[in-house]
Amino acid sequence: MTRLVQLGGAVPAVAENAIPEHGPMTDGFGRRIEYLRISVTDKCNLRCVYCMPEEGLPWLRREELLSYEEIGEIVRTMAGLGLRRVRITGGEPLVRRDLPSLVRILRAVPGIEDIALSTNAVLLGEHADALRAAGLDRVNVSLDSLIPERIDAISRRPGSARAVLDGLEAAERAGFFPIKVNCVVMRGRNDDEVEAFAAVTRERPWHVRFIEVMPTGDNLGVSQDEYVSSEETLGRIARIGDLRPVAGPRGNGPARYYAFPGAAGTVGVITPMSHNYCGSCNRMRLTADGQLRPCLFGELHTALRDPLRRGEPLEPLIRHTLRIKPERHWLVQGSDEGSGGLRALSQVGG
Ligand code: SAM
Ligand code: SF4
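Residues numbered from 1 in each chain as written. Chains lettered and ligands numbered in written order. Predicted model: local features only at pLDDT ≥ 70, side-chain atom pairs only at ≥ 80, totals over all residues. Heavy atoms only, no water.

Peer 1: Any chance you could explain the site of ligand 1 here in plain terms?
Peer 2: Around ligand 1, 19 residues are found, and the nearest of them are Tyr 50, Gly 91, Ser 142, Met 214 and Asn 219. Separating a nitrogen atom of ligand 1 from a backbone N or O atom of Gly 91 is a distance of 3.0 Å. Contact distances for ligand 1 include 2.8 Å between a nitrogen atom and a backbone N or O atom of Met 214. Burial of ligand 1 by the protein chains amounts to 95% of its free accessible area of 540 Å². If you list the elements that add at least two residues to the shell around ligand 1, you get β3 (114-119), β5 (179-185) and β6 (206-212). Considering only residue class, the shell around ligand 1 consists of seven nonpolar, 10 polar and two charged. (Near = heavy atom within 4 Å. Polar contact = N/O pair within 3.5 Å; in protein donor to acceptor, adjacent residues only side chain to side chain. Areas by Shrake-Rupley, 256 points an atom, 1.4 Å probe, with all protein chains shown as cover. Helix = DSSP H or I, 4+ residues; strand = E, 2+ residues; numbered from the N terminus. Nonpolar A, V, L, I, M, F, W, Y, C, P; charged D, E, K, R; others polar.)

Peer 1: Help me understand the packing of aromatic side chains in this model?
Peer 2: Aromatic ring pairs are reported here in terms of the distance separating the ring centres and the angle at which the planes meet. Counted according to the given criterion, the structure contains one aromatic pair. Residues Phe 197 and Phe 210 carry aromatic rings whose centres are separated by 6.1 Å and whose planes lie at 85° to one another, so their mutual orientation is edge-to-face. Highlighted residues: Phe 197 in helix α6 (residues 194-203) and Phe 210 in strand β6, separated in sequence by 13 residues. An identical accessibility class is assigned to Phe 197 and Phe 210; each is buried. Seen from the ring of Phe 260, Arg 202 lies directly overhead, with NZ or CZ sitting 4.0 Å from the centre. (Phe/Tyr/Trp six-rings, centres within 6.5 Å; stacked < 30°, edge-to-face > 60°. Buried < 20%, exposed > 50% of the residue type's maximum accessible area, 1.4 Å probe, protein only. Lys NZ or Arg CZ within 6 Å of the ring centre and 35° of its normal.)

Peer 1: Is there a simple way to explain the pattern of salt bridges in this structure?
Peer 2: Once the charged atoms of two side chains with opposite charge are near each other, the side chains can pair. Summed over the entire model, instances satisfying the criterion amount to 24 salt bridges. The shortest N-O distance in the salt bridge between Glu 226 and Arg 189 comes to 2.7 Å. Note that Glu 226 is positioned in the loop between α7 (220-225) and α8 (230-238) and Arg 189 in the loop between β5 and α6, a separation of 37 residues in sequence. Take Glu 226: its relative accessible area is 13%, and that puts it in the buried class. A salt bridge links Glu 195 to Arg 236, with the shortest nitrogen-to-oxygen separation between them at 3.4 Å. (Salt bridge = Lys/Arg side-chain N within 4 Å of Asp/Glu carboxyl O.)

Peer 1: Mind showing me how you'd approach helix α2 (residues 99-107) here?
Peer 2: Every buried residue of α2 is accounted for by Leu 99, Pro 100, Ser 101, Leu 102, Val 103 and Leu 106. On the buried face of α2, the contacting elements are β1 (35-39), α1 (68-79), β2 (85-89), β3 and α3 (124-134). (Contact = heavy atoms within 4.5 Å.)

Peer 1: Looking at this model, I keep getting lost on the packing of helix α4 (residues 148-155) against helix α5 (residues 160-173). Mind explaining?
Peer 2: The description of two packed helices rests on the angle between their axes and on the distance between the axes. For the pair α4 and α5, interaxial distance at closest approach is 8 Å and the crossing angle is 110°. Comparing the axis directions of α4 and α5 gives the class roughly perpendicular. Listed contacts from α5 to Pro 148, Ile 151, Asp 152 and Ser 155 of α4 are Ser 160, Ala 161, Val 164 and Leu 165. Here the residues of the contact of α4 with α5 sort into five nonpolar, two polar and one charged. (Axes fitted to C-alpha atoms, helices over the stretch in contact; angles between N-to-C directions. Parallel < 35°, antiparallel > 145°, perpendicular 65-115°, else oblique.)

Peer 1: Just to check I follow, could you spell out the pairing of β5 for this structure?
Peer 2: Working note: regular strand, side chains alternate between the two faces of the sheet. The buried fraction of β5 amounts to seven of the seven residues, a majority that puts the element mostly inside the structure. Side-chain alternation along β5 places Ile 179, Val 181, Cys 183 and Val 185 on one buried face and Lys 180, Asn 182 and Val 184 on a second face that is also buried. As judged from the three bridges shared by strand β4 (residues 138-142) and β5, these two strands associate in the parallel manner. Residue pairing across strands places Ser 142 opposite Asn 182, the latter belonging to β5. In this structure, β5 lies alongside β6, joined through seven bridges in parallel fashion. Across the sheet, Val 184 pairs through a bridge with Ile 211, a residue of β6. The β-α-β motif built from β5, the intervening α6 and the parallel element β6 has right-handed crossover chirality. (Pairing = 2+ DSSP bridges. Right-handed = clockwise from strand over helix to strand, strands pointing away.)

See below:
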């Protein structure tokens, strides 16, 4: 039995495309799905200006959240259908209790080759060693400035900068490699730091990825007035050195990478607005309350949690989600048209 749930707005024309009904997960456009982003909570200890409203959002109730065992069950089913890599995200995943136990569950799933975490690093200092011991392979850290006062201002949580920088160091000490640093570039807030971020990669093995801000219902001011294209970012960085295209670190993402000759790290750009990379999309998303989403944006999802709790088979629901996976997203810069009623990326894991 398949259920389609509407998040709000007009009912979209749902296109169901023909897919292979057996074997590895493939959508109607021939894209193999090997990667799942798993949100474990919609809550966060920060309020980044491009993500969450200052007052927070109506949080999911505890019983609405998938348990770690339920997440493990979904990942086991998908791994049997070709899933190879997972990323734990949120909200802020480290605000959920005992995340290492989820890592252990995922590590034990046959077929899963790579487990990564996206975090704001505030709690990473406390948990880096336990996560490493549990089998986490990699971390991506959000860091929008190298200046502590700006980190505090962008995250709207005074005092968070110290914890973030300590968290990053703890991740390096714990042996996570490669460390990818995500920086959302905003005009007037941090765009004057892109050269400094790039300069760090000459000495440290960081892979700094500059992200174009994407519009959601709660950040339209930022996405309208402060958007900086990746072309502009790369142009600025090119002024301080000879940037050459490189293959980049291993990972799952759509970033394009560059490096200065002899540098320890790389510079990457993630361009959801200026260059749509949907054609090579290899992913689906699982929200904290168990919606399997074929695309970051748009209304479409399949509810897995209740069927799972009723003991129903998941594969037909997963195949259904593959059939409705859209060819591309329809985001328009500075407008929440196309975002599917999404208020913040924290609701679906970014
Ligand atoms: N809390 C964790 C973190 O900040 O890394 C994981 C969740 S966060 C939603 C995942 C990623 O989405 C972060 O790198 C964040 O910078 C990015 N993000 C959030 N809102 C965004 C937006 N409107 N446009 C572009 N990137 C955004
Ligand atoms: Fe929290 Fe990450 Fe969103 Fe910032 S980007 S508010 S850290 S979920």
